[in-house]
Amino acid sequence: MTANWAAFAAAEPDLAGTVEKRFGAFTHHILATLRKDGSPRTSGLEVRFLNGELWLGMMPDSLKALDLRRDPRFALQANPGAGTGMGGGDVRISGRAIEVDDLETKARYVEEVEPPEPFHLFRTELTEVVRTYVKDDTYLVVQVWTPGAPLRTIKRT
């Protein structure tokens with residue numbers, strides 16, 4: 001089961017706001033894809049939250065784009081920033097990336113983002129959103145959302 005960003009934001013608006021804020025704090029984040037042999041590849045990436053979708057834009061024929069064309073599964077980690085403070089916590093999104101070839105959709109994206117052209121554009125289907133943070137310097141809190149399930153909160157001391 002998957003959901004787009006709008007469905008996640010409707011189901012868990014507070015968590016969605018926190019996740020968007022974490023991704024908005026820095027420009028570059030880490031994308032994990034799968035190589036031909038199944039081993040992981042990590043790459044830097046900029047992301048956009050627009051019109052109810054989480055978008056991934058990439059340079060033409062980049063290895064990460066080729067990976068996603070072959071196997072759409074991904075994990076996306078928000079840049080933790082400098083030091084160890086991680087204001088807002090550690091945030092990760094997993095799902096599937098679907099390449100967008102529709103010229104009208106790409107044109108709307110270009111109007112908003114003005115990426116260097118040509119480029120690959122992928123919209124995401126989320127399978128999991130996870131936030132991990134420390135509360136009151138006492139315990140670790142892990143929030144896990146998956147489509148169709150209530151938000152799970154796990155606390156560890």
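In case you missed it, the structure is sitting above this.
To start, this report covers the structure provided alongside it. (Residues numbered from 1 in each chain as written. Predicted model: local features only at pLDDT ≥ 70, side-chain atom pairs only at ≥ 80, totals over all residues. Heavy atoms only, no water.)

### Looking at the side chain of threonine 105
With respect to the helices, strands and loops of the structure, threonine 105 is situated in helix H4 (residues 103-113). A relative accessible area of 17% means that threonine 105 is categorised as buried. When neighbours within four sequence positions are excluded, threonine 105 is seen to be in contact with Trp55 and Val100. (Helix = DSSP H or I, 4+ residues; strand = E, 2+ residues; numbered from the N terminus. Buried < 20%, exposed > 50% of the residue type's maximum accessible area, 1.4 Å probe, protein only. Contact = heavy atoms within 4.5 Å.)

### Brief notes about the packing of aromatic side chains
Counted under the stated rule, the structure contains 6 aromatic pairs. The side chain of lysine 106 reaches across the aromatic face of phenylalanine 119, ending 4.6 Å from its centre. Above the face of the tyrosine 133 ring, arginine 131 is positioned so that its terminal group lies 3.9 Å from the ring centre. (Phe/Tyr/Trp six-rings, centres within 6.5 Å; stacked < 30°, edge-to-face > 60°. Lys NZ or Arg CZ within 6 Å of the ring centre and 35° of its normal.)

### Thoughts on the nonpolar core
Within the largest apolar cluster, 26 residues are counted, with the highest numbers of intra-cluster contacts made by Trp5, Phe23, Leu56, Leu76 and Ile93. Of all the secondary structure elements, the ones that give two or more residues to this core are helix H1 (5-11), helix H2 (13-24), strand S3 (47-50), strand S4 (53-58), helix H3 (63-70), strand S5 (73-77), strand S6 (90-99) and strand S7 (120-135). By residue number, the principal contributor to this core is H2, which donates 4 residues. Residues within four places of phenylalanine 23 in sequence aside, it is in contact with His29, Val47, Phe49, Leu76, Gln77, Ala78, Val91 and Ile93. Among the nonpolar cores identified, the runner-up in size contains 7 residues, and Leu50, Trp55, Val113 and Phe119 belong to it. (Core = buried A, V, L, I, M, F, W, Y, C linked by side-chain atoms within 4.5 Å.)

### A look at the pairing of S5
Side-chain alternation along S5 places Phe74 and Leu76 on a buried face and Arg73, Ala75 and Gln77 on a face that remains uncovered. Relative to S5, strand S1 (residues 29-34) runs antiparallel, the two being bridged by 3 bridges. In the strand pairing of S5, alanine 32 is matched with alanine 75. (Pairing = 2+ DSSP bridges.)

### Brief notes about the environment of isoleucine 30
Among the structural elements, isoleucine 30 can be located in strand S1. Classification of isoleucine 30 by relative accessible area gives partly exposed; the value is 42%. Discounting chain neighbours no more than four positions away, the residues touching isoleucine 30 are Thr42, Ser43, Ala75, Leu76 and Gln77.

Note that every value here comes from positions in space, so none of it alone points to a role or purpose.
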